[in-house]
Every structure is written in C-alpha cells, then in structure tokens.
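An overview of the molecular structure
Residue strings, one per chain:
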Amino acid sequence: MKSRQRAFLLMAMPAVIIFFVFHTYPVLQGVFYSFTNWRGYGEWDFVGFKNYLNVFQDGRALNAYWFTFKFAIVSTILVNIFSLAIAMGLNAKIKFRKTLRALYFLPNILSILIVGFIFNFIFTHFLPDLMEWAGFESLAKNILGDPDLAWLGVVIMTVWQATAFNTILYLAGLQTIPEDVYEAADIDGANAWKKFLKITFPLIAPFFTINMVLAMKNFLMAFDQIVALTNGGPGQATESISLLIYKGGFEGGEFAYQSANAVIYFIIIVIISVFQIRVLQKREVEM
Amino acid sequence: MKRLGLYVVGSLCAGLLLSGCGDQSADGKVDLELFSNKPESIGTYESLIERFEEEHPDINVELYAPPSADTVLRTRLVKEDLPDLLSIAGSALYGELADAELLKDYSDTELLDRIQPAYVEMIDQLVPGENEGTYGLPYATNANAVIYNKEVMNELGLEVPETWDEFIAALETAQEEGVTPVYFTLKDAWTGMIPWNAVAGNLEPDRFAEKKTNGEASFQDDYSEVTEKMLTLLDYGLKDNFQYNYNDGNNAFANGEALFYFQGNWAIPELKKVNPDIELGTFAMPVTNNREENELISGVDVMITSLKETDHPDEVRQFVEFMMEDEQAKQYIEEQYAFSAIEGVEQGDEVLSGVQQKIANNEITSFPDHYYPSGMQAPNLIQEFLIEKDQDAFLNKMDREWEKVIRR
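About the thresholds
All residue numbers refer to position in the chain's written sequence, counted from 1. By the order in which they are written, chains take letters starting at A while ligands take numbers starting at 1. Local features are withheld for residues below a pLDDT of 70 in this predicted model, meaning they are given only at 70 or higher, and side-chain atom pairs are given and counted only at 80 or more; totals for whole chains, interfaces and linings count all residues. Side-chain descriptors were evaluated using all non-hydrogen atoms of the structure, hydrogens and water having been removed beforehand. UniProt positions are given in the numbering used here, feature names are shortened, and annotations may be inferred rather than shown by experiment. We call a set of buried residues a nonpolar core when its members are Ala, Val, Leu, Ile, Met, Phe, Trp, Tyr or Cys and they connect through side-chain atoms within 4.5 Å of each other. Partly exposed residues are those whose accessible area sits between 20% and 50% of the maximum for their type, while under 20% is buried and over 50% is exposed, using a 1.4 Å probe and protein chains only. Numbering goes from the N terminus for both helices and strands, where a helix is a DSSP run of H or I of at least four residues and a strand is a run of E of at least two. A domain assignment, automatic or from a database, supplies the domain bounds used here. Contacts are assigned to residue pairs that have any heavy atoms within 4.5 Å of one another. The criterion for strand pairing is that DSSP finds at least two bridges linking the strands in question.

An unreviewed UniProt entry lists chain B under the name ABC transporter substrate-binding protein, from Pontibacillus halophilus JSM 076056 = DSM 19796.

In the nomenclature of an unreviewed UniProt entry, chain A is known as Sugar ABC transporter permease of Pontibacillus halophilus JSM 076056 = DSM 19796. Recorded in UniProt under Sequence similarities (unreviewed entry), the annotation for chain A is "Belongs to the binding-protein-dependent transport system permease family." As stated in UniProt under Subcellular location (unreviewed entry), the record for chain A gives "Cell membrane".

Written as structure tokens, this is what we have:
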C-alpha cells in the first residue's frame, strides 16, 4: 500500500514543482515587492504600507474597480441567461442539432483579439453607417468613442464571445437529467414553465453555481477584450483593473505600486469567489 | 524512484540554465543583440546590419524589434536579461534607464561632437540631477507636423499659414467650402498628443517639467491658453472626432477626405501606401501670431546607446561608430522619412521640405509630454478632456495626477 502511495506522490510532484517555480514563487515575489518602491529594475527600498495606502487614494484605481465590477456583474448575468436559453434549445429534439451545437461553439474557438478587431470594425463603420442609412442621425456614432457608452460595447462583445463556453457546461448539465422525470411531470399535467422551474433548474443547480463563479472570475480579470476594443479608453472609461495593473506597472514604471494593487485585487477575487460558492451551494441544498 | 525525481528537477534546472548561455556562437563570432523599439525600421536596420557584418566578419548583430517594445524592454529589465545595444526614443524611459545607471555615458566621446546640440540638450534634460550626463547618441529625429493635401489646398486657394490667425482662417475657409478642415482620429488617445504637443510646446514656460516638480509652475497657471486653443481646433474636425482611429484616419486622409491631418513625419509612408499618387506637404503648426516665435516640435525618435555592462565593449563601439557615419545616417532618414540628428545630414524629400527648413534653422523645441511622468498616462487624460471639454477640472486633474505619480 505504501509504495502505491509513493507512486501517486511522484506523479503529482512534477506538477507541484512546476507550479511552485512558475506560479507561486512569482506571486510571493510580487507580494514582497509591493512593500518596496521598486520600479521593475535598479535600486529599491522598503516603504512599508505606503503603496497600499496610495491605492485607496488613487482615483484612477477606484474608477477601474467601479468599471470592472459593473462590467463583470452585467456580463455574468447576461452570459448565464443567454447560455442557459441556448443550451435548453440545443438540448431539445430539433433538426440540425449537431450542426447548431458546433455553430454556437464557434465564438469560443476564435481568438478574442480577432473577435475584438471584428467588433471594432462593426462599432466604428458598420453600425454608424447602418444608423445613418436608416435615418437615425443621432445614433450614427461609434459607441466606443463615448465614455458613457463604451463599456456597453465591451459587454456586448464579451457576452457574444463567452456565451459559447457556458452553453457547453449547461448542455452537459441538461444531459444528466433523466427523461422519465419529465414524463412523470407530463402525466401530472405540468406546463413548460413549471417543468423548467421545478425540475430542470433545480437539477442543474450545481452547473449554475460553477457557471456563475467561472464567469464572474473571468470577467473580473478582463484584459484582452479591452485591449482589442478600446485599450482602456476613451479617457480611462473602460480601464479594467488588470489593464491598469499592466499599464501602470510596465508602461508607467510603477511596478511596486501596481503589485500592491494586484495583491489587493487578488484578495478581493478570492473573497468574492468563496462568497459566491457558499451562497449558491447553500441554495442548491435548499432546492 | 528517488533518482527519477532528481532527474526531473535536474533537467528542469538545466533547461533554465541553458537559456542563459550562448553569447559566443559556435563559429567563433561575437553575437551582439540590438534592441529596437520601432517595428517600422526593421527593413532599414537589417540592410545596415548586413553591410556592417560584411565589414566586420567576426561580429554577428541580431536585431530584435518586438511590438510594444517599451513594455517588452521593461519586462526584460525585470528579468535582468538585457541586450548589448539599444535603439530607443528619447523619452521618459530613456531617463529612467539612465537614472538607474544601466547605460554607458557618452559625455566625453568624440561621437557627440557631430550631433546637433539642441538634440543633445533634449535628452540631457530627461536625466534627473544626480546622474547628469549624455547616455546615448541622438540619431534620427521626428517632427510633429500639420500634413496637408496639396490638391485640396490649391482648390481652396490657400497658402501655407504662418500665424495662428492665418491658420484659423484657413480652417474657416475649408469649413465654409464644405471640406473637412482637420481629420481627427481621437479614438486612439495618442493621436491627440500631436496637436497637444504642438500647442503646448510653443506656449508652456521653458523647463516646465522641472519647475512643475519644484512647485514653481502648474498646469492651472500655465496651460489655460493651451486648453483654449485645443478646444478651438476641435471645432474644425469631424462630426464625431472620437469615432475613428489612426488607421481609419490614414485611409480617409490619403483618399482626399480632408485638408489637414495632425500627424508626425512617420505617417507619410503610411499615407503613401494607401494612395501612392497623393501630393502632400507639411508645415509646423503656427501656434502664436508672431512668425519668428513659432517653433517646430521635434524630438529624438531614435537614439543609439549601449549598456554600461557588456561582455563585448569593443564590438559594441565599432557598431555604434559605423551607425554614426554619414552614409548610414543618410540611408536611415531617407528610408524612414525621418530627420537626422547628425549635423549636415539633411532630409531631401520634397514633402518634408517645409519642416526640414525649420530644423536647419534650429527653430525647434522638444515634445512637452516626453517630460511628463510616464505613470501619469497623459494621452488618456487629454482624450478625456477633449470629450468633456471642462478646462478647469482637467487642468486641476493634470496637476493632481502629476503630484500623485511623483509621490509614489
């Protein structure tokens, strides 16, 4: 028995070592440097909690937090609504089911940067031209150039791209529900809405939990879609926290300061994820 | 079983170590790495390097010019994996590298004698007090220009304006005739910096950055005319100045959709790529009504420098000297539509003649934003101002952001 345990341990070890070297160690380094005034190179001194205090007074950082949360919450809700609806449709007995499933999965395979450039074209040229042609002069503009609306552009593209992945998870969930439950409900005379509310949704509750947590975590770390669409602009209207950390840290030479920001952000994401799992899992049991 | 584990760890370490070696290539040549922040000049550099390698068969120069080069360079600094030679802009990053004592000091070398003093002074100002010196050789320079479409200009019967009033009158004429006066591409925040630098460079007090840091000057006190004039220019743009980006603008302007385009000399090859037949001209934006006072914004676009600590100082010196020769400098500026920092090497292209004149007369001043702290991200703040149009709030914010970044 003992030698078997050792074999398993040895199988796990390479991954642990690689993970530690390439992930845990840099994280610890980042935490360490967040207490210094390091610019990313050259000399440095310890500055204690100064960086952390400055983050809380930094209007730009607070603005980035506000944008990121607004964006993440709206996107998470929309993605889950759409992907659940699409998954239900694709799970029903319809024609071309396999083809449609493949089609709906396509956005997930496309590189998000490519999708970004396509949407950039749509927002800059296609939509304004369409609006002008239709006679809505006041709507004929690029929403990515408007600080109040640009975030919606980012949401639209993100939802379009992210729905595919969550659809797959929901589909997997739907396929775990045995057919006879529905037959029993039919005999009892339940309508479609009742069936969804009382059977489908409770039975895929674990998938709902995982989808909510994954989507939220992904959107909180939004980076590439914003780089492709607006690069944080106009002004700083669509600057997510990851983008701010990257821009400030590498382009602005504030490595230590943004490390502090990253540490704070890491803690926040952990808290949110744990909170989500707790609340949603409790709900699973109640249902 | 224990040995297997050791083997895994061992091979991992070996992999890490191997990537660190390999300075001397197998054929006995010395390998030098040239890091360039301009993807546009890859072709030119490659042909120059080829010539250099023919003259020096024992040296192999490897060019590395990634996109977002400044960011890549910073990440490489973090890893302490540095190239031998650098070709970078005279911007805040250079100042930081010099301040971190990473670069070779060229102050006492003869190479510096042939370079226009105005450009040497520009890069000297970037290096903060304690480490004063010249840590690079200005090589090619750029200029902030108003590019105009000659055909549209002639149709409107306009001359090249030399004062602010004449400039506004030209914009006015174009607008009345139904021609878009200026094609703004403000979806890309950085393109807003072209007019900003032209206006601010002429209007801000001398050594503004230094005074600002010492508390002797501020945006609120010294920049109100700048913001005023920026808003005036914005009135002569498109229906929505924030709809298009740089690439859209190049396409539209090259196809004759506007009279003026605020861009640098670097945009000219791009415009010619879209429409090879377009006839263009350039001039420096006249920001005041005093003809003699209007200066061209020109900066060190490329400087060549080397690391203080390199394993091959002789070979590095040979390459730097080779690049500073007239023949190479001339080829560089001709292919890149740039100007040379080396005295006597002049840009002969007709499109750029209006701007070259100013450089030859030494009527130049530097890009003000190269002296703003880079952590401030001025382009985005300025883009926001151009949208909101609230001068007081903006100037106040610029002051606060500057101080905040300095304090960190």
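1. Notes on the nonpolar core
Ranked by size, the top nonpolar core spans 138 residues in total, and within it Tyr94, Tyr139, Trp196 and Phe260 of chain B carry the most contacts. In terms of residue count, strand E4 (residues 137-149) of chain B provides more of this core than any other element does, eight residues in total. A domain split of this core shows at least three residues from each of domain 1 (30-141 + 299-348) and domain 2 (143-298 + 367-407) of chain B. Discounting residues that sit within four places of it in the chain, Phe260 of chain B has contacts with Val146, Ile147, Tyr148, Met153, Phe167, Ala170, Leu171, Pro181, Val182, Tyr183, Phe253 and Phe283 of chain B. Formed by 38 residues, the second largest nonpolar core is a distinct cluster that contains Tyr52, Phe71, Met157 and Ala260 of chain A.

2. Section: the UniProt feature "domain: ABC transmembrane type-1" (unreviewed entry) in chain A
In the numbering used here, UniProt assigns the "domain: ABC transmembrane type-1" (unreviewed entry) feature to residues 65-276 of chain A. Structurally, residues 65-276 of chain A is divided into 78% helix and 0% strand, and its ends, taken at the C-alpha atoms, are 18 Å apart.

3. Overview of the side chain of Asn120 of chain A
By secondary structure assignment, the location of Asn120 of chain A is in helix H5 (residues 112-134). Relative accessible area serves as the criterion here: at 9%, Asn120 of chain A is assigned to the buried category.

4. Quick look at the UniProt feature "transmembrane region" (unreviewed entry) in chain A
Residue and element names in this part refer to chain A. In this structure's numbering, the residues bearing the UniProt feature "transmembrane region" (unreviewed entry) are residues 7-28, 64-90, 102-123, 149-172, 203-223 and 262-280. Within the segment residues 7-28, helix and strand shares are 100% and 0% respectively, and the terminal C-alpha atoms sit 30 Å apart. Structurally, residues 64-90 comprises 100% helix and 0% strand, and the distance from its first C-alpha atom to its last is 37 Å.

5. Some thoughts on the pairing of strand E1 (residues 30-36) of chain B
All names here are of chain B. With respect to burial, E1 is a largely interior element, seven of its seven residues being buried. On E1, burial covers both faces: Val30, Leu32, Leu34 and Ser36 on one face and Asp31, Glu33 and Phe35 on the other are all buried. The pairing of E1 with strand E2 (residues 59-64) spans six bridges and is classified as parallel. In the sheet register, Leu32 faces E2, and the bridge partner there is Val61.

6. Side note on the pairing of strand E3 (residues 85-88) of chain B
Along a regular strand, successive side chains alternate from one face of the sheet to the other. Residue and element names in this part refer to chain B. Neither face of E3 is exposed, since Leu85 and Ser87 on one face and Leu86 and Ile88 on the opposite face are all buried. Pairing of E1 with E3, which is carried by three bridges, proceeds in the parallel orientation. Among the inter-strand pairings, Phe35 is bridged to a residue of E3, identified as Leu86.

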